Amino acid sequence: MLNLADLEARAARLESRNYVSMRYGRVTGTKDGEAQIQLNGADEHNTNSYQTLQRRVLRDQKIKLPDIGDTALVLESGQGEEQGAYLGAPYSQAVPGPGQEQQVAYNKYEDGTELWYDRKAHTLTAKVNGNVSVEAKGMVSVSSETGIKLRAPFIGLPVL
């Protein structure tokens, strides 16, 4: 519940920001596609919710919500603290960029699993720290014009 002092402080902040601005903060949570952000310089109990921008949300969905603790870059519209969007987590000296080339798509996960796709070389590489499972309702086909190499202590090929 807001008290009069909180309302006056909020009104003063809104009056001082009637323009678009980019601000930094830290992600404190996520819920329903939004990120809760504690803006730099804000009281530790004061967080705002911002819509997260995603690559696709209609037919195909590619959703990656930020991690709690990520640095946050937000764009505020100047129409109030609730009117803005979480743009992403910028690289910094503490968390430098991965240094990949432009044609290489790269994903790295907390457990160390890494995925690369090089559009120029047409190569998909996966280093998985765990099991890999493929499930399909239809037939699975693996083919190569040059060869298939399997290497493992045990290879089971059951005949149905």
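Coordinates for the structure precede this section.
Residues numbered from 1 in each chain as written. Predicted model: local features only at pLDDT ≥ 70, side-chain atom pairs only at ≥ 80, totals over all residues. Heavy atoms only, no water.

(A) Here's a closer look at the sheet that holds strand E8 (residues 123-127). In spatial order, the strands read E6-E7-E8; together these 3 strands make up an open sheet with antiparallel pairing. Sheet topology places strand E6 (104-108) and E8 at the edges, where each strand pairs with a single neighbour. This sheet shows a mean twist of 5° between the axes of neighbouring strands, independent of strand direction. Two elements, E6 and strand E7 (residues 114-118), share 5 bridges in a ladder whose sense is antiparallel. When the bridges of E7 are listed, asparagine 107 appears paired with leucine 115. (Pairing = 2+ DSSP bridges. Helix = DSSP H or I, 4+ residues; strand = E, 2+ residues; numbered from the N terminus. Axes fitted to C-alpha atoms, helices over the stretch in contact; angles between N-to-C directions.)

(B) Region of the structure containing the side chain of glutamate 114. Assignment of secondary structure puts glutamate 114 in strand E7. Those residues within four positions of glutamate 114 in sequence are excluded, and the remaining contacts are Tyr106, Asn107, Lys108, Thr125, Ala126 and Lys127. (Contact = heavy atoms within 4.5 Å.)

(C) Layout of the sheet that holds strand E3 (residues 48-52). What the 5 strands build is a closed barrel, ordered E1-E2-E3-E5-E4; its pairing is mixed. Neighbouring strand axes in the sheet, compared pairwise and without regard to direction, differ in orientation by 55° on average. One ladder, built from 6 bridges, connects strand E1 (residues 21-31) with strand E4 (residues 71-76); its direction is antiparallel. Note on E4: the bridge partner recorded for serine 21 is glutamate 76.

(D) Here's a closer look at the packing of aromatic side chains. On inspection of all chains with the given rule, the structure shows 1 aromatic pair. Each ring, one from tyrosine 106 and one from tryptophan 116, has its centre 5.6 Å from the other, and the planes form 45°; the classification is tilted. In this pair, tyrosine 106 is assigned in strand E6 and tryptophan 116 in strand E7, connecting sequence segments 10 residues apart. (Phe/Tyr/Trp six-rings, centres within 6.5 Å; stacked < 30°, edge-to-face > 60°.)

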